[in-house]
Amino acid sequence: MLSPGSTHADVVVVGAGVIGAACAEALSGRGLRVTVVDRGAPASGTTACGEGNVLVSDKAVGPELTLAQASRRLWPELLDRLREEAGPSLADAEWDEKGGLVVATSGAAARALTGFAAGQRAAGIDARELPEGGAAELEPLLTPKVTAAVHYPEDAQLQPVLATAALLAAVTRRGGCVVSGTPALGVESGRGGRVTAVTTRDGALPCGAVVNACGPWAGHFAAAAGAPLTVLPRRGMVLVTGPLPEATVRHKVYDADYVGAVAGDDADLMTSTVVESTRSGTVLIGSSRQRIGFEDSLQVHVLRTLAAKAVALFPALGRVPVMRAYGGFRPYTPDHLPVIGEDPRCPGLWHATGHEGAGIGLAPATGRLLAELMVGLPPHVDPWSFRADRPALTKGQAQ
Amino acid sequence: MGVCFDCLVVVNGVPDIRACQRVVEPGDTIRFQWGAELPAAQPQKREAAGADHPGADHPGGERPDPAGPDPARPEPHARPPRSDEQSGGSRSAEGEAW
Amino acid sequence: MKVVVVGAGPAGMHAAVAAARGGARVVLVDSAPQAGGQYYRRPPGGTAALPHVFEELRRQPRIEHLPDATVWAMEAVPGGLHRLHVQQGPADAPGRRSMTIEAAALVLATGAYDRVVPFPGWDLPGVYTAGAAQALAKSQRVAVGRRVLVCGTGPFLLPVARSLLAVGAEVAGVLEANAPATCLRGWLRRPAHPWHHRAKAAELAGYAALLARHRVPYRPRTAVIAAHGTDHVEAVTTARLDPDWNPVPGSERRFAVDAVCVGHGFTPQLEPVIAAGCRTRGGFAEVDDRQATSVPGVFAAGELTGIGGADLSAAEGTVAGCAAARHLGHAPDPAREAAARRRVRHWRDFAAALAAAHPVRPGWQTWAADDTLVCRCEEVTVRELRDAVEHHRARGARSLKLLCRVGLGPCQGRICGRNATELADAFLRERGAPPLLDPDAAAKRPLAAPVRLADLATPPTAYEAQEGT
């Protein structure tokens, strides 16, 4: 499959998850010749472990929300374009503008939620505070103990593995190449320390630039490339119920404390309830956050906590069978912002990682921003907050 | 046996029970399950565990009469059997899952 | 400090008895209402012709038998212990007794279930696994049909035919997919071929006589390649097969039957093996000559380590039970253990010959049509699986599931996992691509059985606390 040295790619993207695929799609769409390499199969890491969130509701006003708003606009456009190029069957990613419903179940949480939503409204988010009974109208099976609820019609969902496959198919159609089962080991540099190739187990891949899209493993690749970066794995678990009747759960429903958990820094277990259905009828129940390295053994107490909180939010689901549990690792950065851009310590090395649990939603804007910066077009969002040499990422790292 | 989940039945209002594994007890109400169903809001018979089960509220072998369909069950979830679903055949809902 | 044995078939029962005899306290956890597994399945309360081990299991004061108990998750806890999460009560009911059991030594003996490869109509009511048909006959005295065809591969088809005859079904035939030459080569490739196993030879002769008496035809190199009917099986198409199981053109015949029993070998019930982190090899738990897995204190016995029948399972169980007791510092009888190890070596030769004599050959992949379901839970057809590989470029088992939904339904790929992996590998081979990169992903099921959400939410009681130990 891989014939080292035989082809020269403009860009080698390391990592065939949704972020790597979105970057490769955006780069190939601007005429660059792209090779994507992954040590495993495409979309078999973090991308295969998420719920497919495309959310604006969970983000506080700031650079990540701006990126999320741009990305939320881009996803349907991108899927339409892929559908036009490849036909409907290949570009069906189960895009669903289902909307989010954030609920509080205590007085204090209600005040925090409505305050949070007011700030988002000022930033242009459609965040609708619901009157009493409004939440029950949207979600009939929700607990009556709701003290406040905000409806976010912009929140959407898609199936991340299908979406990634569609993006990679576009790259291949434009003459790019996707190489599976090939671990990238580091980079080779030429004059001025500029990257000239990506080294793999099967030989070197000459290129003009390399994109580190290794998700939670991006810290490892950055270190191997000589530009260490603080990107750490943050583990999450999801419960999957058996198939349930249509419209049992209609929106992405989550407890207002989710926002706090996402923004939290605690290495210990943090959980908050997120409940939503998929097109097949299964209901996904999350979410947990733990910083325990790449430890992937089953921890039943995490599942129990998720289940208890889900039953509290949806008492009617108490006797529904859970048929599967799975876990994955999110790429965490200490300041909760992604890394998008070239690494000044290593010219030609670009990063696109650190999206924590929001990578599916942020993928198109990330890809587009990276491509704009690489080819020298004006960026569609301000890249400053996402730069690779910000102190939060390089502090304490050897140069 | 017990691995394919093709033989699911509804026992005392609780769906997703493998007929090939469950031992029938006197007083059980059992019907076929056509597609996905939500469990009834309340147990329709003393459920499962013995009298030592903390949720058992009918001591000493008394069993309440099996109730009819639970009125609390939300109407939108009722779904007629699909014509292409066979007894013992697949029970999956439409579309994709992950 | 106790030994926990999971599964009470021949391997688990012998493991429990051996460990208890050696001086260990034993908890025997089993999902069935009574011990014995599939091999000794019988009507409720039936005791006819049960071997001595049942008596010993009942009498041994150091064994606590937990029937109707499902292990749905396992995790390692500090101190080298394994914590089992168990629900006990009527199958799949909400509100069952929920407990955790901590094992200082663990013997896994969860056995295997029938494998069935897909063919057009295999999802019709009236198509049964051979094991299910046998279980219904043995435990409920129910015949799955009036006129039944038994097909697949392996000597296990014969006792299934016997069970069907015993409950009054007409057995229209027993079809063995492999050629006599394949079977013979398999049996001869080992020094200890079945003629050295007089008991097995006598058993085979008994089946031959039984089939002859009931005028049941036995057809080698023949298979059911399609079942027909609208809402139930009414007829099947059989065909002669070449040694790779490709149907011989023109050899198709149609038979009217109202039930088909199919068994293409067995798939081990590996969930606890994988949950405990034990290494597998060729789809089975890897064990040494003490039945020890790669994880200290965890032993595996019976069909989990290879398909070899009840005698091998029983012998492995004894070895595993002794080893588990020794792991806890007890001193089981060395002579008994040595004898069991000799029996294991002896029957492993038989098992190896069995595997060579009754392979599942890739020609089955030609039986399925484009619209034949591979995954029955999620209704994924052969065509959709092919699309996932050819158009969506599935390269790993995990992404394959998410690209076409294969194995995502309630059975979690237990029925379709192997078939889907083999089909996908064949499609990849056609394109010159390597096989799926993470084939083990299909067998990874952290939840070994479904649990109701509220039961998962309820804190369990420690078994140790309940028992006051």
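Within every chain, residues take consecutive numbers counted from 1 along the sequence as written. Whichever chain is written first becomes A and whichever ligand is written first becomes 1, with later ones labelled in order. For this predicted model, a pLDDT threshold of at least 70 governs which residues receive local features, and a threshold of 80 or more governs which side-chain atom pairs are given and counted, while totals over whole chains, interfaces and linings are taken from all residues. Calculation of side-chain values draws on the structure's entire complement of heavy atoms; hydrogens and water are dropped beforehand.

Caption draft 1: How the structure looks around the pattern of salt bridges. Residue and element names in this part refer to chain A. A carboxyl oxygen of Asp or Glu within 4 Å of a side-chain nitrogen of Lys or Arg is what we treat as a salt bridge. For the structure shown, the criterion picks out 43 salt bridges over all chains. Of the charged contacts in the structure, one is a salt bridge between Asp335 and Arg390, with a shortest N-O distance of 2.7 Å. Of this pair, Asp335 sits in the loop between strand E16 (321–332) and strand E17 (339–342) while Arg390 sits in the loop between helix H9 (359–375) and helix H10 (391–394), and the two are 55 residues apart along the sequence. For Asp335, a relative accessible area of 26% gives the class partly exposed. Only protein chains enter the accessibility calculation, which uses a 1.4 Å probe; a residue is then buried when its area is under 20% of its type maximum, exposed when over 50%, and partly exposed in between. Given a relative accessible area of 3%, Arg390 falls into the buried group. In DSSP terms, a helix is any run of H or I states spanning at least four residues, a strand is any run of E spanning at least two, and both are numbered starting from the N terminus.

Caption draft 2: Examining the interface of chain A and chain C more closely. At the junction of the two partners, chain A supplies 41 residues and chain C supplies 35 residues. Put simply, buried area is how much 1.4 Å-probe accessible surface two parts lose in total, over both of them, once they are put together. Buried area between chain A and chain C, summed over both chains or domains, comes out near 3200 Å², and the portion from carbon and sulfur atoms is 66%. Connecting chain A to chain C are zero salt bridges. Where the side of chain A that touches chain C is concerned, the elements lending two or more residues are helix H5 (160–173), helix H8 (300–313) and E16 of chain A. Under the convention adopted here, Pro, Cys and the residues Ala, Val, Leu, Ile, Met, Phe, Trp and Tyr are nonpolar, Asp, Glu, Lys and Arg are charged, and Gly plus all remaining residues are polar. Partitioned by chemical class, the residues of the side of chain A that touches chain C number 26 nonpolar, 11 polar and four charged. Only when DSSP finds a minimum of two bridges between them are two strands counted as paired. Across two bridges, E16 of chain A lies against strand E23 (residues 451–452) of chain C in antiparallel orientation. Bridge assignment links Pro321 of chain A to a residue of E23 of chain C, and that residue is Arg452 of chain C. Here, residues are in contact when the closest pair of their heavy atoms is within 4.5 Å.

Caption draft 3: Representation of unusual backbone geometry in the model. Omega for the peptide link from Gly286 of chain A to Ser287 of chain A comes to -5°, which places this bond in the cis form. Inspection of the secondary structure puts Ser287 of chain A in strand E15 (residues 283–289). Even without being glycine, Asp68 of chain C reaches a positive phi, approximately 55°. Residue position: Asp68 of chain C is located in the loop between strand E3 (63–66) and strand E4 (69–77).

Caption draft 4: Highlighting the sheet that holds strand E10 (residues 147–153) of chain C. All names here are of chain C. Strand order in the open sheet made by the five strands is E9-E16-E10-E11-E12, with parallel pairing throughout. The open sheet terminates on both sides in strands that have one partner only, identified here as strand E9 (127–129) and strand E12 (218–219). For E10 and strand E16 (residues 259–264), the ladder comprises six bridges, and the chain directions are parallel. Residue pairing in the sheet places Val148 in a bridge with Ala259 of E16. Axis geometry follows a simple rule: fit a line to the C-alpha atoms, using only the stretch in contact for helices, then measure angles between N-to-C directions, giving values from 0 to 180 degrees. Its contacts with the sheet place helix H3 (residues 130–140) against E9 and E16, and it is angled at close to 85° to E9. This element, helix H4 (residues 157–166), spans E10, strand E11 (170–176), E12 and E16 of the sheet and lies at about 170° to E10.

Caption draft 5: Spatial organisation of the sheet that holds E3 of chain C. Residues and elements named next belong to chain C. Pairing is parallel across the open sheet formed by five strands, whose spatial order is E3-E2-E1-E7-E20. Looking along the sheet, the strands with just one partner apiece sit at the ends: E3 and strand E20 (298–300). When strand polarity is set aside, the average angle formed by the axes of neighbouring strands in this sheet is 15°. As defined by bridge partners, strand E7 (residues 105–108) adjoins E20 across three bridges and the pair is classed as parallel. Pairing of Val107 across the sheet is with Phe299, part of E20.

Caption draft 6: The arrangement of the domain arrangement of chain C in detail. Residues and elements named next belong to chain C. What the domain assignment lists for chain C is domain 1 (3–113 + 267–332), domain 2 (116–264) and domain 3 (369–437). What marks off one domain from the next here is an automatic or database domain assignment. Distance from the C-alpha centre of domain 2 to the C-alpha centre of domain 3: 27 Å. Across the boundary between the two partners, domain 2 contributes seven residues, which contact seven residues of domain 3. Carbon and sulfur atoms supply 63% of the area buried between domain 2 and domain 3, which totals about 590 Å² over both sides. Looking only at domain 2, the three residues that lose the most surface to domain 3 are Pro118, Trp122 and Asp123, adding up to 73% of its buried area. Our count for the contact surface shared by domain 2 and domain 3 stands at zero salt bridges.

Caption draft 7: Looking closely at the packing of helix H10 (residues 382–390) of chain C against helix H11 (residues 397–404) of chain C. Residues and elements named next belong to chain C. Viewed as axis vectors pointing N to C, H10 and H11 meet at an angle of 120°, and their least axial separation amounts to 9 Å. On the basis of the axis angle, H10 is oblique to H11. As for the relative orientation of H10 and H11, their crossing is right-handed in sense. Between H10, through Glu384, Leu385, Ala388 and Val389, and H11, the contact on the second element is made entirely by Leu400, Leu403 and Cys404. Our angle categories are set so that under 35 degrees counts as roughly parallel, over 145 as roughly antiparallel, 65 to 115 as roughly perpendicular, and the remainder as oblique. Here a crossing is taken to be left-handed if its near helix is turned anticlockwise relative to the far helix by less than a right angle, and right-handed if that turn runs clockwise.

Caption draft 8: Structural detail: the pairing of E4 of chain C. Residues and elements named next belong to chain C. Within E4, eight of the nine residues are buried, which leaves it mostly tucked inside the rest of the structure. Bridge count between E4 and strand E5 (residues 81–88): eight bridges; the pairing is antiparallel. Residue pairing across strands places Glu75 opposite Arg83, the latter belonging to E5. Where E4 folds back on E5, the antiparallel hairpin that results is connected by three residues, among which Gly79 adopts a positive phi of roughly 90°.

Caption draft 9: Representation of the pairing of strand E6 (residues 148–152) of chain A within the structure. Residues and elements named next belong to chain A. Across the five residues of E6, five count as buried, placing the element largely inside the fold. Residues Ala148, Val150 and Tyr152 point to one face of E6 and Ala149 and His151 to the other, with burial holding for every one of them. Where strand E4 (residues 100–104) lies against E6, five bridges are found, and the strand directions are antiparallel. The residue of E6 that forms the bridge with Ala104 is Ala148. Where strand E5 (residues 128–129) lies against E6, two bridges are found, and the strand directions are antiparallel. Bridged to Arg128 within E6 is His151.

Caption draft 10: Inspection of the nonpolar core at higher detail. Among buried residues, the Ala, Val, Leu, Ile, Met, Phe, Trp, Tyr and Cys ones that are joined through side-chain atoms within 4.5 Å form a nonpolar core. Counting 129 residues, the largest nonpolar core has Trp75 and Val211 of chain A together with Leu400 and Val406 of chain C as its most contacted members. If sequence neighbours within four positions are ignored, Val406 of chain C has contacts with Val374, Cys375, Val380, Leu385, Leu400, Lys401, Cys416 and Ala420 of chain C. Of all hydrophobic cores here, the second largest spans 37 residues; its members include Ala149, Val253, Val311 and Val322 of chain A.

Caption draft 11: Just the packing of aromatic side chains, in detail. Each Phe, Tyr or Trp ring, with Trp reduced to its six-membered ring, pairs with another whose centre is within 6.5 Å; inter-plane angles below 30 degrees give stacked pairs, above 60 give edge-to-face pairs, and intermediate values give tilted ones. Per the stated rule, a full pass over the model turns up eight aromatic pairs over all chains. Measuring from ring centre to ring centre gives 5.7 Å for Phe32 of chain B and Trp34 of chain B, while their planes differ by 50°; the resulting arrangement is tilted. With a centroid separation of 5.4 Å and an interplanar angle of 90°, the aromatic rings of Trp347 of chain C and Phe350 of chain C are classed as edge-to-face. One end of the pair, Trp347 of chain C, and the other, Phe350 of chain C, are both in helix H9 (residues 334–357), three residues apart, so they sit about a helical turn from each other. The exposure class of Phe350 of chain C is buried, given its relative accessible area of 7%. Following the ring pairs from residue to residue traces out a cluster consisting of Trp217, Phe294 and Phe329 of chain A. Sitting over the face of the ring of Trp384 of chain A, Arg387 of chain A holds its NZ or CZ atom 3.8 Å from the ring centroid. In this scheme, Lys NZ or Arg CZ marks a charge over a ring once it lies within 6 Å of the ring centre and within 35 degrees of the ring normal.

Caption draft 12: Looking closely at the environment of Leu50 of chain C. All names here are of chain C. Note that Leu50 resides in the loop between strand E2 (26–29) and helix H2 (52–59). By relative accessible area, which is 23% here, Leu50 ends up partly exposed. Linking Leu50 and Gly36, residues 14 residues apart in sequence, is a C-alpha distance of 9.1 Å. Setting aside residues up to four positions removed in sequence, Leu50 forms contacts with Tyr40 and Arg42.

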